[in-house]
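Descriptive structure summary
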Protein chains: 4
Amino acid sequence: MAGSLAERTLARPSFEAAFAAPAFVRAMLEFESALAAAQSAEGLIPADAAMAIAAACKDICIDVEALVTEGKRSASLAVPFVRMLKEQVGKPHAAHTHFGATSQDVLDTAMGLCLKPCLDETDRALEAAVRALARKAREHRATPMLGRTLMQPALPITAGLKIARWAVALAGDRERLAEAAEAGLAVQLGGAVGALEGMGESGPAVRHRMAMALGLADARAWHAHRNAWLDLLDRMALVVATAGKIARDVALLSQAEVGEMLEALPKEGVGASSAMPHKRNPVGCAHALAAATRMPGLLAIVHAGAASEHERALGGWQAELATVPQIADALGSSVDFLEIASASLVVDAARMKKNIEACGEGGAKGDLAAATDELLADLAPYLT
Amino acid sequence: MAGSLAERTLARPSFEAAFAAPAFVRAMLEFESALAAAQSAEGLIPADAAMAIAAACKDICIDVEALVTEGKRSASLAVPFVRMLKEQVGKPHAAHTHFGATSQDVLDTAMGLCLKPCLDETDRALEAAVRALARKAREHRATPMLGRTLMQPALPITAGLKIARWAVALAGDRERLAEAAEAGLAVQLGGAVGALEGMGESGPAVRHRMAMALGLADARAWHAHRNAWLDLLDRMALVVATAGKIARDVALLSQAEVGEMLEALPKEGVGASSAMPHKRNPVGCAHALAAATRMPGLLAIVHAGAASEHERALGGWQAELATVPQIADALGSSVDFLEIASASLVVDAARMKKNIEACGEGGAKGDLAAATDELLADLAPYLT
Amino acid sequence: MAGSLAERTLARPSFEAAFAAPAFVRAMLEFESALAAAQSAEGLIPADAAMAIAAACKDICIDVEALVTEGKRSASLAVPFVRMLKEQVGKPHAAHTHFGATSQDVLDTAMGLCLKPCLDETDRALEAAVRALARKAREHRATPMLGRTLMQPALPITAGLKIARWAVALAGDRERLAEAAEAGLAVQLGGAVGALEGMGESGPAVRHRMAMALGLADARAWHAHRNAWLDLLDRMALVVATAGKIARDVALLSQAEVGEMLEALPKEGVGASSAMPHKRNPVGCAHALAAATRMPGLLAIVHAGAASEHERALGGWQAELATVPQIADALGSSVDFLEIASASLVVDAARMKKNIEACGEGGAKGDLAAATDELLADLAPYLT
Amino acid sequence: MAGSLAERTLARPSFEAAFAAPAFVRAMLEFESALAAAQSAEGLIPADAAMAIAAACKDICIDVEALVTEGKRSASLAVPFVRMLKEQVGKPHAAHTHFGATSQDVLDTAMGLCLKPCLDETDRALEAAVRALARKAREHRATPMLGRTLMQPALPITAGLKIARWAVALAGDRERLAEAAEAGLAVQLGGAVGALEGMGESGPAVRHRMAMALGLADARAWHAHRNAWLDLLDRMALVVATAGKIARDVALLSQAEVGEMLEALPKEGVGASSAMPHKRNPVGCAHALAAATRMPGLLAIVHAGAASEHERALGGWQAELATVPQIADALGSSVDFLEIASASLVVDAARMKKNIEACGEGGAKGDLAAATDELLADLAPYLT
């Protein structure tokens, strides 16, 4: 599995699996298989070759350690991978394998194929989280709680208003993410210098067929201009930021002295401490806040990698490849938190009331339930 | 003016001016004036008050040093600013000034007002750069040049293909930026805890009127959930990344030993060296690459600030406010470079030919002009 | 002054001034004056020239706007600066001005000269803060308070232990900073390619004289290998990190529901809110936390700039120059906080007791005052 | 093994292994075993218990997947780890296992134990690299090559000067790293709130014994004030920065059109391309530049994590734990590059001469070999 033990302790298992060696190898094989099928359909390689390649992709058993060791020697996994695949395909079709493609084609496409199920899962999790939070917000539309600014008591709001804001923010993130995924999850196919120079006039048609087959967007080679992809990573970061903000709020409200919310009721075996058995830690918040601490730096890496050299970068792209799985991991931690918190959030209205009174704040100014209702109206699609 | 001398040496004057003290103060005054007008139209304050406030906003002469000194004591510029404005308004309308609003309302809105002209200018500059590069790409659609990967010669491409890719990338950035600006440049109006709690039922109408008057989007209070704004900053970063990538290419091609492109013909007084009078430095590239070096870290800051506390952050938001002008500055440096490079780019076809030959590369594989033409077709709207 | 209004609201005035245009210009002039004096002493230029240059450095009135505008055209402030200075020196000694030096020499040295007083001030402020906190820790060596882990109550500690840890951390930062300043604040003198190639055998002697005169370390040219300088910036970041950690603790303890510490007693005009006149915000914490939010990104910038090209970087170095004053600003915000918090920290022992009891925690396990005393022993030099 | 396939392609196997699950589990077991031994020596637990625990630590076979799954539920690997170990120890000594310690004690100490061999290896590799580069510099002390600034030809230097600068920079990094490792690789032992509250007066003695046994520094609990550790990570980043700078230079010099240096002579199977069999890529440079691209963001993460809450952070610390192995990986990539480049660096003096002449630069100004000799004198300890 991907990641050190400490990293894995923060990871969402399905996201981990999506980028683990078996899944990544499978994605590279899907690329080669789809390439051959498309090239055969376009008459660039014989139908026999495509079938032989598809069979080899099904049968091959890649030695991951050898892949890594050799990959290191060429600074590219794809070099030994293609060699191994050609050996499996054997004569006479080895020469038709990976035809006209380059390392970056298979690696970038595989990265997208691995990320895709994570984004699908994130979309479903966000929808469920927004639904659950919207309902919880409706339930507490008129529950007064302290608004707090600069970590000091300000004026009262309602618990529903706070929760509805979380939900609206997540709904916005979900839309932005879906939009970016449409353009950003694209097949990469350019050949050595990104010009599809080896496939003659059929190049774009091959690429289009591959995109259809792999469920990715069709896009001109994006080897060196990766902004649709970066935009997608940025928007994954926005989900992490919102989850981090919600976790910050919940963690502050879970303090013993505040006691207004808990991410979940205490449960046997969750949030235990090795030193203090009586203690229950806000584990979901820890995950979301760790992700929110990691993401800005990870984002800085992939943006730094973008000032790349010529037709394929030396260093920047390789750094990006190593970082994308970690960005997915941080998103996975955030999704974990959102699932827990939206499903199990505990709101203590009595404690909220007590804290308002203790601060000497009178009742809410204005009709705060009205402000909540406005947001609930925005959330109507999630409240059916 | 904003920024240290070293920072200012990298800055685009119009962008610098957009966030300089006079402009920022003016933007804060626009906010207050628009607020009063909207509240008067909605019957929340007397028409007389709105007129008095508008007049005060026109007449007031803010002591910037006092503003900073006092602002530091409240960790907010808005506190002394509102005090000064109320003094200028005087009795009896001082009480109607800044009515129902909070510090973050005026500061966030002012930040958006200052950013707006920078984005408008960026949009125009990007359009012009794409046009100029598209034309240059068409001119060199069949000019062979080396494609280079991992900083080594790969197969030939055409100069037109390389330049067209730059143009297409910038056109994509331009669209993404425009889209994000539509949502991200929004009025901020929420009052103490973001619930418009002081304006009763008229709150949303006041906000809507302000948005219209200020030329910003109308949006529910986004004090603590700033992702539409962050998305805008991220997309500014994408422009900087593309400019950095282009500059990296141009700088590499401008090396004496390569000599295939120059950002501009040598000009008296541009790119001079203090030690070597005969030398001409790629100054535009230096600006764009400095911006691309700065942006990932600046982006990390505003993302880190997003895991904010409750209804107004302690630290994270303040860090963001200090960073946005620097993000704009980095964008400005990139725009400067794009203007220079697109207007003056020198392409040396003969040197390109010589370098291909020296590497022992034969002619281009396939019809490279065809690949260029594909991209030129995408650029058709810019080639009229 | 340096920085946007929002940035200036966070800045320490003396640090701002240290990098403001007048100070930076003065530092550049000091460099040129010291260079001429040293070269005259070594017989490289006539004594008359050195006197003329020193006089010009005293008399010259640099037009900062012209400096910036022209500086932009060469991507270097030093080019117009040297031109202006040579004009002031006039014939026949203009040719002896900036002799054998390059842009980076004057800019790097000026940066160090501007940083130096900030570091001196930081050292004094850290010493005072450690002293004050050590005394406060001694006072509360046996005051029980809740220890808290993962934002939940853990076992009791003493208030003195917590405060002593802050003090010990700051004392460690202070030592590390002093050590790094010794090597990192070095004169830069290398000439065009860093080899002192224009000064013959006297180069190293000139550099040594300059170092003595300017109060900087003597070091071989560090144009392209800047790690002693980066190490210094990293250690400034460590101070900011500790201040941020202390501010995080104080802000959490200042929450109305916790109420165990305040950074200072409420004071007229400090921490005021524009929306809620009754409110008092933890202003010092806001400054320190904003600095701690900014610093990781700023550090990422200067580290990213370090993978520089050949004998002088294109982009990375320029980004560093623009970032160092911001790093100093972030340090300044932290120093402000440390001064406030160490001088005025309010400890509410009664509330601490009440919070322990409310959590159902019994008395402290073990002799917690003993743990505090251990740290107080480490702090002995500060407790005289 | 730790890391995604793409990350592993960049990793140094020994560094990967140092943080892989078996090594990390072993390090945690070493901690527990050393803790028990020290506590037995101090009379806190029976000698029998220490022996039983030592035996259990030897015999236990930890189910890593269970560890991760359960660890996730408590946001801490240590909780299931301690549970598993106690089961292995069994009655009656289970209660003496992990006595007085907390999760962070075992995790922080294990992290240091895993890092230690990486730093030892780095030290040896740096020494060897400096030696080899110093010799190469001496060999080329008078070989003229172009100095280049802002990526343009400046004045000539010698190849020896350039290489000697690299060597001096690495030697400085090595010293700084060794110094930081001495303080930063420290045992962590504090118990629940860092006060060694469960071990009475013997706490410090236990900690001291553990430090001796584990080969780590003895230090007061550093749960929440981690600057000695951060300083160590920062200095690892300085090595990565220098390696990145050297790789940048080598990659630029390896361009076909420049051809002055190669990281190594072309070798069968190294640097191959999947699309262009004739091509040889600068693989070592790719590794070092990828590391230099990653490090600034990774550093930003661990600095961001430092503004932690109270006696143990919620989020920041966990993010740091996940990031340290990646920081080590980036260092490992850099060490790989330094080994390759220092052992195999190819210098083409004829091409250097040709490039100087092509630029119309005359001979070197001044005696450049003298400048090189100065640096060689600094490198004397490495030239024996």
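Residues numbered from 1 in each chain as written. Chains lettered and ligands numbered in written order. Predicted model: local features only at pLDDT ≥ 70, side-chain atom pairs only at ≥ 80, totals over all residues. Heavy atoms only, no water.

1. As for the overall build of chain A
Scanning chain A from terminus to terminus reveals 14 helices and four strands. Taken along its principal axes, the extent of the C-alpha atoms in chain A is 85 × 45 × 35 Å. Of all 384 residues assigned to chain A, the portion counted as buried reaches 69%. Put simply, 78% of the contacts in chain A that link residues at least 6 apart link residues at least 24 apart. The averaged location of the 45 negative side-chain charges in chain A is 5 Å from the averaged location of its 37 positive side-chain charges. (Helix = DSSP H or I, 4+ residues; strand = E, 2+ residues; numbered from the N terminus. Buried < 20%, exposed > 50% of the residue type's maximum accessible area, 1.4 Å probe, protein only. Contact = heavy atoms within 4.5 Å. Lys, Arg positive; Asp, Glu negative; His and termini not counted. Charge placed at Lys NZ, Arg CZ, Asp CG, Glu CD.)

2. Concerning the pattern of salt bridges
Tallying each qualifying case throughout the model produces 120 salt bridges over all chains. Residue E257(C) pairs with R148(A) through a salt bridge whose shortest N-O separation is 2.8 Å. A residue pair is termed interchain when its members come from two chains, as with E257(C) in the loop between α10 (227-253) and β3 (261-262) and R148(A) in strand β1 (residues 144-149). Summarising the burial analysis for this pair, E257(C) and R148(A) share the class buried. Ionic pairing is found between D231(B) and R235(A), a salt bridge with its closest N-O pair at 2.8 Å. A residue pair is termed interchain when its members come from two chains, as with D231(B) in helix α10 (residues 227-253) and R235(A) in helix α10 (residues 227-254). Judged on exposure class, the residue D231(B) and its partner R235(A) are both buried. Via salt bridges that share partners, E179(A), D231(A), R235(A), E179(B), D231(B) and R235(B) belong to a single interconnected network. (Salt bridge = Lys/Arg side-chain N within 4 Å of Asp/Glu carboxyl O.)

3. A few points about the relation of the copies chain D and chain A
Of the transformation placing chain D onto chain A, the axial shift is 0.0 Å and the rotation is 180°, giving an RMSD of 0.0 Å. Classification of the inter-copy transformation places it as that of a two-fold axis. When you check the interface residues of chain D against chain A, 99% turn up at the interface there too, and the contact is symmetric in its surfaces. (Least-squares fit on C-alpha atoms with pLDDT ≥ 70 in both.)

4. Some remarks on the relation of the copies chain B and chain A
When chain B is fitted to chain A, the best match, at an RMSD of 0.0 Å, comes from turning it 180° and sliding it 0.0 Å along the axis. The overlap is high: 100% of the interface residues of chain B also sit at the interface in chain A, so the same surface is used on both sides.

5. Topic: empty space enclosed by the protein
Leftover empty space is mapped by rolling, across the atoms, a probe with the size of a water molecule. A volume near 480 Å³ is recorded for the largest cavity. Together, 40 residues line the largest cavity, and A304(A), R248(B), A304(C), R248(D) and T293(D) are the ones closest to its centre. For the lining of the largest cavity, the class distribution of residues is 23 nonpolar, 13 polar and four charged. In this model, the second largest cavity occupies a volume close to 390 Å³. If you trace the second largest cavity, you find 29 residues lining it, with R248(A), T293(A), A304(B), R248(C) and A304(D) closest to the centre. Listed by contribution, the elements that provide at least two residues to the lining of the second largest cavity are α11 (283-304) of chain A, α11 (283-304) of chain B together with α11 (283-304) of chain C. (1 Å grid on protein atoms, 1.4 Å probe; cavity = no way out; pocket = protein on both sides within 12 Å on 5 of 7 lines; lining within 4 Å. Points joined across faces, edges and corners; volume = space filled by probe spheres on them. Nonpolar A, V, L, I, M, F, W, Y, C, P; charged D, E, K, R; others polar.)

6. As for the state of the cysteines
Considering all chains together, one arrives at zero disulfides over all chains under this definition. No disulfide involves C359(A); its nearest neighbouring cysteine sulfur is the one of C359(C), lying 17 Å away. By relative accessible area, which is 26% here, C359(A) ends up partly exposed. C61(D) takes part in no disulfide bond, and the closest cysteine sulfur to it belongs to C57(D), at a distance of 14 Å. The class of C61(D) is exposed, set by a relative accessible area of 71%. (Disulfide = S-S within 2.5 Å.)

7. Quick notes on unusual backbone geometry
The phi angle of most residues is negative, glycine excepted, and most peptide bonds adopt the trans form. Residues and elements named next belong to chain A. K91 connects to P92 through a cis peptide bond whose omega is 0°. Relative to the elements of secondary structure, P92 occurs in the loop between α6 (78-89) and α7 (103-139). With a phi close to 65°, M151 is a non-glycine residue in the positive phi region. With respect to the helices and strands, M151 occurs in the loop between β1 and β2 (152-158). By relative accessible area, M151 is classed as buried at 5%.

8. Digging into the interface of chain D and chain A
Of the residues lining the interface, 73 residues belong to chain D; the matching set on chain A comes to 72 residues. Of the roughly 5200 Å² buried where chain D meets chain A, counting both sides, 66% is carbon and sulfur surface. For the pair chain D and chain A, the interface holds six salt bridges. Between E65(D) and R8(A) there is a salt bridge, with the nearest N and O atoms lying 2.8 Å from each other. At the surface where chain D touches chain A, the tally comes to twelve residue pairs in polar contact (both at pLDDT 80 or more). A per-element tally of the side of chain D that touches chain A places helix α11 (residues 283-304) of chain D first, with 13 residues. (Buried area = accessible area lost by both parts, 1.4 Å probe. Polar contact = N/O pair within 3.5 Å; in protein donor to acceptor, adjacent residues only side chain to side chain.)

9. Section: the packing of aromatic side chains
Two measures describe an aromatic ring pair: the distance that separates the ring centres and the angle between the ring planes. All names here are of chain A. Enumeration according to the criterion identifies four aromatic pairs over all chains in this entry. Considering the side-chain rings of W222 and W229, the 5.8 Å spacing of their centres and the 40° angle between planes classify their relative orientation as tilted. For W222, a relative accessible area of 9% corresponds to the buried category. (Phe/Tyr/Trp six-rings, centres within 6.5 Å; stacked < 30°, edge-to-face > 60°.)

10. Observations regarding the environment of S76(B)
Examined against the element boundaries, S76(B) turns out to sit in the loop between α5 (64-74) and α6 (78-89). Residue S76(B) is classed as buried on the basis of its relative accessible area of 6%. Put simply, S76(B) and G259(B) are 183 residues apart on the chain and 52 Å apart in space, counted from C-alpha to C-alpha. With residues near it in sequence (within four places) discarded, S76(B) still touches G71(B), S103(B), L107(B) and T9(C).

11. Some thoughts on the interface of chain B and chain A
Across the contact, 66 residues belong to chain B and 66 residues belong to chain A. When the two sides are added together, the surface that chain B and chain A hide from each other amounts to roughly 5700 Å², 60% of it contributed by carbon and sulfur. Seen at the junction of chain B and chain A, the total is ten salt bridges. Close ionic contact of K162(A) with E311(B) constitutes a salt bridge, the shortest N to O distance being 3.0 Å. Connecting chain B to chain A are 32 residue pairs in polar contact (both at pLDDT 80 or more). Taken together, the elements giving at least two residues each to the side of chain B that touches chain A come down to β1 (144-149), β2 (152-158), α8 (159-184), α10, α11 and α14 (368-378) of chain B. Residue contributions to the side of chain B that touches chain A peak at 16 residues, all from α10(B). A class-by-class count of the residues in the side of chain B that touches chain A yields 34 nonpolar, twelve polar and 20 charged.

12. Looking at the pairing of β1(B)
The side chains of a regular strand alternate, residue by residue, between the two faces of the sheet. Residue and element names in this part refer to chain B. When you tally the buried positions in β1, you get five out of six residues, the bulk of the element. Strand direction decides the pairing type here: β1 and β2, joined by five bridges, are antiparallel. Of the residues in β2, the one forming a bridge with T149 is Q152. Remark: two residues form the turn of the hairpin made by β1 and β2, two consecutive strands paired antiparallel; L150 in that turn has positive phi of roughly 50°. (Pairing = 2+ DSSP bridges.)

13. As for the environment of S334(A)
Residue and element names in this part refer to chain A. Take S334: it is sitting in helix α12 (residues 316-344). Look at S334 and you get buried, because its relative accessible area is 0%. In this structure, the C-alpha to C-alpha distance between S334 and L10, residues 324 residues apart in sequence, is 9.5 Å. Not counting the four nearest positions on each side in its chain, S334 is found in contact with V240, A243 and A291.

14. Brief notes about α10(B)
Here α10(B) is 27 residues long and its end C-alpha atoms lie 39 Å apart, about the 39 Å a rise of 1.5 Å per residue gives. With 26 of 27 residues buried, α10(B) lies mostly within the body of the structure. (Expected span 1.5 Å × (residues − 1).)

15. Here we look at the environment of W317(B)
All names here are of chain B. As for its placement among the helices and strands, W317 is situated in helix α12 (residues 316-344). In this structure, the C-alpha to C-alpha distance between W317 and A228, residues 89 residues apart in sequence, is 15 Å. With near-sequence residues (within four places) excluded, W317 lies in contact with Q104, L107, D108, R226, G305 and R312.

16. Quick notes on the confidence of the model for chain A
Low pLDDT means the predicted atomic positions in that stretch should not be read closely. Across chain A, the average pLDDT comes to 94, with 96% of residues at or above 70. With a pTM of 0.97, the predicted complex shows an ipTM of 0.96. (pLDDT = per-residue confidence, 0-100.)

17. Description of the packing of helix α6 (residues 78-89) of chain C against helix α7 (residues 103-139) of chain C
Residue and element names in this part refer to chain C. Relative to each other, α6 and α7 sit at 100°, their axes nearing to 9 Å. Our classification of the angle between α6 and α7 gives roughly perpendicular. Residues A78, V79 and F81 of α6 form the contact with α7, whose own contacting residues are S103, V106 and L107. In the contact of α6 with α7, the residues fall into five nonpolar, one polar and no charged. (Axes fitted to C-alpha atoms, helices over the stretch in contact; angles between N-to-C directions. Parallel < 35°, antiparallel > 145°, perpendicular 65-115°, else oblique.)

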